[in-house]
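Coordinates in review
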Amino acid sequence: MKSKNHHIKPLANVGESLKKSKGNKKQVIEDCDKSKDSVPACHGCKDDCKYYCQTQSKIAPNPPPPPKPDTPPEDNPCNSTGIRAPGGPI
Amino acid sequence: MQRNSVHFFSVKDRYFAYDINTTFCTELDSVALTIMPELLSGASGNLEKKYAHVYPTPQLHRCIKECNELLDSGYFGVGHSPYKHRIQNNVSAICLHIAHNCNLSCEYCYADTGAFGANRQLMSRHIMQKAIDFAFVHSGDFESINVGFFGGEPLLNFKLIREAVEYARNTANSLNKKVTFSMASNAVLLTPDIMDFINRENFSLLFSLDGPQKVHDRMRKTKHRKKTHAVVIKNISEYLRNYSDNFTVRGTFTRTTPNFSDQVLFLNDQGFKSVSVEPAQLVETHPHSISTHGEITRILYEYDKLADLYLKRFNKGQPLHFYHFDHCLKKLLDPKPTHTECGAGGGFIAIAPTGEIFPCFETVPEKENCIGHIDFGFDTHKRRIFQRMHADLREECRRCWIKYFCGGGCHAFNIRYNNNIKIPYKPQCEFIKYRFKLSAWILSEIMNGGERSVKILKKHLNE
């Protein structure tokens with residue numbers, strides 16, 4: 001690798017997400033309303049709290065994993081022939 | 001940590017780790033190559049101490065931190081999550097075999113120079129209309145469908161294409177849906193009138209052109225052995241100049257033209273923005289097939305050469321378009337695991353001039369691939385074989401590291417070459433793996449140029 005400062009070089013855009021996630025982890029909101037339960041978890045108080053969205057579906061402290069491929073890629077090109085068009089693999 | 005979920009590979013003196021499940025890839029230096037496997041194996045001891053005689057402690061410390069951050073990210077070393085395959089019953093794209101005939105007689109044609117092993121025939125108006133009706137009836141909640149025109153040479157039946165466009169537009173309007181069109185053509189019969197029509201109707205186009213004159217004319221001749229390079233170049237260039245650059249040019253290479261990087265360069269130098277050059281799909285016994293280990297290795301050599309050219313041209317500010325590298329680079333930048341290569345037989349179907357339904361254009365005309373008829377509907381049992389198929393149902397794919405990148409390969413190739421949809425076609429596997437590795441190398445090199453270089457690459461990939 002060219003960079004002497006890093007031992008790993010992610011090829012995807014996860015680099016930015018990693019930096020952001022580290023930032024989020026360090027932030028703790030002081031006026032978090034924890035009265036709703038005794039376990040530290042998101043109460044929707046503020047989005048820079050380190051617990052924010054661990055139970056809700058907004059910005060998670062860590063970058064979310066890639067989407068699960070639940071459906072076949074209908075709109076993908078035909079990888080075998082290079083034939084492609086919007087809407088289908090031809 | 002999931003030790004078995006990460007595949008390590010090297011290419012051109014670079015080392016990479018690839019998460020089989022998320023398809024996320026990272027480059028590693030020698031320190032990380034030592035530490036990452038340890039962490040993936042769940043090493044709990046003091047790694048700094050263990051490797052203190054090999055690397056300086058600050059280096060080890062930093063590397064362990066970087067590796068752990070990546071492992072915590074959810075992108076890497078996360079392990080297998082069971083895949084719930086959803087069967088797609090609704091049709092989003094239909095490929096009309098509008099002409100089982102061709103004006104050319106290409107030596108490497110997989111479709112028996114357009115006849116598909118049967119009588120040469122054109123699709124009738126009756127079949128065309130019923131096929132379009134069939135597609136819309138089975139489109140479910142898809143708001144738009146794509147109607148493709150394929151052959152043989154579809155322009156031999158251009159009159160019917162015009163009618164089909166009008167018929168499909170009217171049908172779509174009556175159902176409050178949309179329709180788009182596509183066509184694969186050898187471009188010999190393009191006239192200003194046809195160009196005007198396909199541009200106006202916003203066709204997504206694929207033109208066949210093998211590259212330099214000597215390569216093209218060796219294979220792509222008319223039935224009367226007349227060369228076609230000059231007319232094809234003239235027509236495509238005219239379309240590019242007067243109408244649009246929104247089309248793909250596809251070339252083919254064979255055992256006897258293995259130096260296909262020349263074809264890629266030639267097509268790029270014509271100003272074409274989307275270039276795809278593919279191996280001829282022929283059975284082992286065909287004189288132009290690529291099937292032996294030696295022939296496959298020769299092709300890998302050429303991909304290697306093309307990767308060097310891709311990077312060289314990128315650094316010169318003249319980036320190349322080559323579908324497979326472009327496609328791999330996009331997926332490396334934005335990993336999205338996939339369990340099937342395409343929607344053949346599910347969202348995508350092909351209709352023969354007889355009205356028979358096939359999973360895709362590559363599976364026509366073998367009767368055993370037929371999954372129904374537009375008069376009688378789908379043969380649900382046969383269609384299900386294609387709809388259900390995905391990488392994890394193939395034994396060899398299940399054990400393969402790149403399965404969620406390629407989705408388990410092409411159903412049609414597996415059937416054609418191995419007579420079994422579940423047995424992958426090995427040359428294709430070799431090509432996919434090698435192109436992926438080379439693309440990782442290309443991306444790593446481009447990333448060394450900093451953020452600006454990556455931005456330029458992304459712009460190029462989205463052209």
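Residues numbered from 1 in each chain as written. Chains lettered and ligands numbered in written order. Predicted model: local features only at pLDDT ≥ 70, side-chain atom pairs only at ≥ 80, totals over all residues.

Brief notes about the overall build of chain B
Our working definition: Here a helix means four or more residues in a row that DSSP labels H or I, a strand means two or more in a row labelled E, and each is numbered from the N terminus. Three exposure classes are used, based on other C-beta atoms lying within 10 Å of a residue's own C-beta, which is placed from the backbone: buried for 20 or more, exposed for 12 or fewer, and partly exposed in between. Whether two residues are in contact depends on their C-beta atoms, placed from the backbone: they are in contact if these lie within 7 Å.
What chain B contains, in helices and strands, is 17 helices and 15 strands. Along the three orthogonal principal directions, the C-alpha set of chain B runs to about 80 × 45 × 45 Å. The buried share of chain B, taken over its 463 residues, is 49%. Within chain B, contacts between residues separated by at least 24 positions form 68% of all contacts whose residues are at least 6 apart in sequence.

Side note on the sheet that holds strand 4 (residues 93-97) of chain B
Selection criterion: Two strands form a pair only when DSSP identifies at least two bridges running between them.
Within the open sheet, the 10 strands sit side by side as 11-10-9-8-7-4-12-13-14-15 (chain B). Their pairing is mixed. Looking at the sheet topology across the chains shown, the edges are occupied by strand 11 (275-279) and strand 15 (377-378) of chain B.

Some points on the sheet that holds strand 3 (residues 25-28) of chain B
The line we're drawing: Angles shown run from 0 to 180 degrees and are taken between the N-to-C directions of axes, each axis being a line fitted to C-alpha atoms and, for helices, limited to the stretch in contact.
Read across the sheet, four strands follow the order 1(A)-3(B)-2(B)-1(B) without closing on themselves; strand pairing throughout is antiparallel. Whereas interior strands pair on both sides, the edge strands pair on one side only; in this sheet they are strand 1 (8-10) of chain A together with strand 1 (6-11) of chain B. Across this sheet, the average inter-strand angle for adjacent strands is 25 degrees, counted without regard to direction. With six bridges connecting them, strand 1 of chain B and strand 2 (residues 14-19) of chain B associate as antiparallel partners. In the strand pairing of strand 2 of chain B, Val11 of chain B is matched with Arg14 of chain B.

Some details on the packing of helix 4 (residues 125-137) of chain B against helix 5 (residues 158-174) of chain B
Residue and element names in this part refer to chain B. The line we're drawing: Between 65 and 115 degrees an angle is taken as roughly perpendicular, under 35 as roughly parallel, over 145 as roughly antiparallel, and anywhere else as oblique. Two helices crossing with the near one rotated counterclockwise from the far one by less than a right angle form a left-handed crossing, whereas a clockwise rotation gives a right-handed crossing. The classification used treats Ala, Val, Leu, Ile, Met, Phe, Trp, Tyr, Cys and Pro as nonpolar, Asp, Glu, Lys and Arg as charged, and all other residues, Gly among them, as polar.
Between helix 4 and helix 5, whose axes approach to 10 Å, the crossing angle comes to 30 degrees. Classified by the interaxial angle, the pair formed by helix 4 and helix 5 is roughly parallel. Judged by the sense of rotation from one axis to the other, the crossing of helix 4 with helix 5 is right-handed. Residue-level contacts link Arg125, Met128, Gln129, Ile132, Asp133 and Phe136 of helix 4 to Leu160, Glu163, Ala164, Tyr167, Ala168 and Thr171 of helix 5. Residues of the contact of helix 4 with helix 5, tallied by class, amount to seven nonpolar, two polar and three charged.

A few points about the environment of His61 of chain B
Along the polypeptide, His61 of chain B turns up in helix 3 (residues 57-72). Distance in space between the C-alpha atoms of His61 of chain B and Leu47 of chain B is 8.8 Å, their sequence separation being 14 residues.

Observations regarding the environment of Ala412 of chain B
All names here are of chain B. Checked against the element boundaries, Ala412 lands in helix 15 (residues 411-418). Judged by the 28 C-beta atoms lying within 10 Å of it, Ala412 is buried. Spatially, the C-alpha atom of Ala412 lies 32 Å from that of Tyr239, the residues being 173 residues apart in sequence. Ignoring any residue separated from it by four or fewer positions in sequence, one finds Ala412 in contact with Cys360, Glu362 and Thr363.

A closer look at the confidence of the model for chain B
Put simply, the test is: The quantity called pLDDT is the predictor's confidence in a given residue, expressed from 0 to 100.
Averaged over chain B, the pLDDT score is 94; the fraction of residues at 70 or greater is 99%. In the predicted assembly, ipTM is 0.88 and pTM is 0.87.

Points about helix 15 of chain B
Residue and element names in this part refer to chain B. Among the eight residues in helix 15, six count as buried, and that is most of the element. Looking at helix 15, one finds that the buried residues are His411, Ala412, Phe413, Asn414, Ile415 and Tyr417. Elements in contact with the buried residues of helix 15: helix 12 (380-388) and helix 16 (426-447). Following helix 15 by one or two positions, Asn419 has its phi on the positive side, about 60 degrees.

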